[in-house]
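Here's the letter readout for the chains.
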Amino acid sequence: NCTLNAGTSNLIFTNGGAFSGGFKAYYNISYTAGNNASISGVTSANDISFTPAGTITGSTSTFNNVSFTNNGTINGSNTFNNLTFGSLSTYTLAAGTTQTVNGTITCSSSCSGLSTFKSSTSSPAIISKAAGSVSFDYVKLSNITATGGATYTANNAIATGSNTGWTINLLVAKTLYWVGGTGNWNDGSHWSLTSGGSAINCTATELDDVFFDANSFTAASQTVTINSGAASCNNMNWTGVLNTPTFVISNVFADGLNVYGSLTYVSGMN
């Protein structure tokens, strides 16, 4: 029983947490840090932004601009003016819902940071845009239906499940070699198309075979770390490595490492 005049206010959450809006209209809402960031019960808002992983649960809600930097989930059917997604992240849309976008849908994914768009189940989730075009590059699509009259294109894509309404140009599998010693898995400057070769500044995908060999590590105590974002490959082989390197997966509570083929470790590594 309260009337809320949001005006041009800014609600800023610096330590995550859940915000329940009481089914009222707000202006700007932002999450700048923390965990378990989620918004529900907001009938409309001007700008909503998530720096940490975030969830929006709407119910025929209307939003002007919504942006995700890391992983994101959208529940309920909603209308957006502009919807922006980040790189190297996973975005889940509730099955059976429709996300209607009147302005732009953009994603900053690239060969150095592929992103995933998927339905919450094997049933499709729907994106609808009445006119214009939507173009994604370096994405994985799973059970996403595109409707509304706009043209939808996914380049360098991995497609699983049923994706209708898209022109999909599939990503080509590569053989990649780790170079440059210590580094983060998602740093493209450590992947090469040849053993000991020049970096291609792209990261490995679930289609790619990856090798750690005699040219990967030039000194003792060098480390490969998976500490953020999704990490995937097809086959992984450490045969022939020198200098006893260390392999660390420290993002196990986020995305961990997904190996879709065979995995070969050796005794000369940690």
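This write-up is about the structure you can find in this document.

Definitions and cut-offs
Starting from 1, residues in each chain are numbered consecutively following that chain's sequence as written. In keeping with the predicted nature of the model, local features appear solely for residues at pLDDT of at least 70, side-chain atom pairs appear and are counted solely at 80 or more, and the whole-chain, interface and lining totals rest on all residues. Side-chain measures were taken over the full set of non-hydrogen atoms in the model, leaving aside hydrogen atoms and water. Side-chain atoms within 4.5 Å link the members of a nonpolar core, which is a set of buried Ala, Val, Leu, Ile, Met, Phe, Trp, Tyr and Cys residues. Categorising residues by exposure relies on relative accessible area from a 1.4 Å probe, with only protein chains included: less than 20% of the type maximum marks a residue as buried, more than 50% marks it as exposed, and the intermediate range marks it as partly exposed. Where helices and strands are cited, they refer to DSSP runs of H or I of at least four residues and of E of at least two residues respectively, numbered from the N terminus. We call two residues contacting when some pair of their heavy atoms lies within 4.5 Å. A pair of strands is treated as paired once DSSP finds two or more bridges between them. Paired rings are identified among Phe, Tyr and Trp, the last through its six-membered ring, by centres lying within 6.5 Å, and are further divided according to the angle between planes into stacked (under 30 degrees), edge-to-face (over 60) and tilted (the rest). Every patch collects residues that have over 30% relative accessible area and no salt bridge, joining them within 9 Å if they carry like charges and within 5 Å if they are nonpolar side chains (Val, Leu, Ile, Met, Phe, Trp, Tyr). Surface exposure here means Shrake-Rupley accessible area, sampled with a 1.4 Å probe, where a residue is shielded only by the protein chains that are shown. Definition used for salt bridges: Asp or Glu carboxyl oxygen within 4 Å of a side-chain nitrogen of Lys or Arg. Cysteine sulfur atoms that pair up within 2.5 Å are treated as a disulfide.

## Comments concerning the nonpolar core
Counting 37 residues, the largest nonpolar core has Ile48, Phe68 and Phe117 as the members making the most contacts within it. A per-element tally of this core places strand E4 (residues 37–50) first, with 6 residues. Residues contacting phenylalanine 68, with those up to four places away along its chain left out, are Phe50, Gly54, Ile56, Thr73, Ile74, Leu83, Thr84, Phe85, Gly86 and Tyr91. Grouped together as the second largest cluster of nonpolar side chains are 18 residues, Val210, Val224, Ile226 and Leu257 included.

## Re the pairing of strand E7 (residues 72–75)
With burial as the criterion, only one face of E7 is covered, namely that bearing Gly72 and Ile74; the residues Thr73 and Asn75 on the opposite face remain uncovered. Relative to E7, strand E5 (residues 54–57) is paired through 4 bridges, and the arrangement is parallel. Bridge pairing in E7 places glycine 54 opposite glycine 72. For E7 and strand E9 (residues 90–93), the ladder comprises 3 bridges, and the chain directions are parallel. Paired with threonine 73 across the strands is threonine 92, a residue of E9.

## Thoughts on the packing of aromatic side chains
The full count for this structure, using the stated rule, is 26 aromatic pairs. Judged by centre distance (5.3 Å) and plane angle (85°), the rings of phenylalanine 19 and tyrosine 26 are edge-to-face. No difference in accessibility class separates phenylalanine 19 from tyrosine 26, as the two residues are buried. Between phenylalanine 136 and tryptophan 166, the aromatic rings sit 5.8 Å apart at their centres with planes inclined by 40°, giving tilted as the arrangement. Here phenylalanine 136, found in strand E14 (residues 133–137), pairs with tryptophan 166, found in strand E18 (residues 166–170); they are 30 residues apart in sequence, far enough to count as distant. The residues phenylalanine 136 and tryptophan 166 share a single accessibility class, namely buried. A connected cluster of aromatic rings, assembled from ring pairs, spans Phe13, Phe19, Tyr26, Tyr31, Phe50, Phe68, Phe85, Tyr91, Phe117, Phe136, Tyr152 and Trp166.

## Quick word on a nonpolar patch on the surface
Taken together, Val259, Leu263 and Tyr265 make up a surface patch of nonpolar side chains, about 250 Å² in accessible area. Checked against the element boundaries, tyrosine 265 lands in the segment after strand E28 (263–264). Among the residues examined, tyrosine 265 registers a relative accessible area of 42% and is labelled partly exposed.

## Remarks on the environment of tyrosine 260
Here tyrosine 260 is to be found in the loop between strand E27 (257–259) and E28. C-alpha of tyrosine 260 to C-alpha of aspartate 209: the two residues are 51 residues apart in sequence and 9.7 Å apart in space. Other than its neighbours up to four places away in sequence, tyrosine 260 contacts Lys140, Glu206, Ser232, Cys233 and Asn234.

## As for the pattern of salt bridges
Evaluated as defined, the whole model comprises 2 salt bridges. For lysine 174, the salt bridge is made with aspartate 208, and the minimal N-O distance between the two is 3.4 Å. Here the residue lysine 174 occupies a position in the loop between E18 and strand E19 (175–178), and aspartate 208 occupies one in the loop between strand E21 (191–192) and strand E22 (209–211), the gap between them amounting to 34 residues.

## Focus on the state of the cysteines
Evaluation of the coordinates by the stated rule reveals 1 disulfide. There is a disulfide in this structure between cysteine 111 and cysteine 202, and the S-S distance comes to 2.0 Å. Its S-S torsion of about -70° marks the bond between cysteine 111 and cysteine 202 as left-handed, since a negative value means left-handed. In this pair, cysteine 111 sits in the loop between strand E11 (105–107) and strand E12 (115–119) while cysteine 202 sits in the loop between E21 and E22, placing the two residues 91 residues apart along the sequence. Cysteine cysteine 233 remains unbridged, with the sulfur of cysteine 202 as its closest cysteine sulfur at 16 Å.

## Brief notes about unusual backbone geometry
What is expected of a backbone is that most residues other than glycine have negative phi and most peptide bonds are trans. A positive phi is found at asparagine 156, a non-glycine position, where the angle reads about 50°. Its place among the elements puts asparagine 156 in strand E17 (residues 151–160). The backbone of threonine 244 sits at a positive phi, close to 50°, despite the residue not being glycine. Looking at the secondary structure, you find threonine 244 in the loop between strand E25 (236–237) and strand E26 (246–249).

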